[in-house]
Amino acid sequence: MTNQKSRPAFGVFAFFACAFALSSYFTFAAVQGDYGLFRRVEIEAEKAALEAELATLQIEVDRMENLTQRLSDSYLDLDLLDEQARDVLGLIRSDEMVIR
């Protein structure tokens, strides 16, 4: 009988090397790619920051709408008008003194 050494085929090693390389690539892409887990966490943190900024800006818009409505023709708040005239135009009454 012939004496043959049994060696594993080169094709088996090549197959497992390719399978390992592909699985490593897809795992890396799933974790750190453009659509990976780390990017998702960054996007969610950015979303939370933008929602907080939106809430702050909404409060400011509501305040400005209130002031605008109080200075409109249909509803005139004389105290607010007096405050704005003093602040913007620098007006004072004749019986007041300005200390700087």
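Residues numbered from 1 in each chain as written. Predicted model: local features only at pLDDT ≥ 70, side-chain atom pairs only at ≥ 80, totals over all residues. Heavy atoms only, no water.

Student: Help me get a handle on the overall build of the protein, residues and values and all.
Tutor: Per the secondary structure count, the protein includes three helices and zero strands. Counting from the amino terminus, the protein carries its helices and strands in the arrangement α-α-α. Its C-alpha atoms give the protein a radius of gyration of 36 Å, clearly above 13 Å, the size a compact globule of 100 residues would have. Counting only residues that meet the buried cut, the protein has 3% of its 100 residues in that class. Of the roughly 9,800 Å² of accessible surface on the protein, 62% is carried by carbon and sulfur atoms. Distance between charge centres in the protein, computed from 10 positive and 17 negative side chains, equals 17 Å. (Helix = DSSP H or I, 4+ residues; strand = E, 2+ residues; numbered from the N terminus. Rg over C-alpha atoms; globule rule 2.2 N^0.38 Å. Buried < 20%, exposed > 50% of the residue type's maximum accessible area, 1.4 Å probe, protein only. Areas by Shrake-Rupley, 256 points an atom, 1.4 Å probe, with all protein chains shown as cover. Lys, Arg positive; Asp, Glu negative; His and termini not counted. Charge placed at Lys NZ, Arg CZ, Asp CG, Glu CD.)

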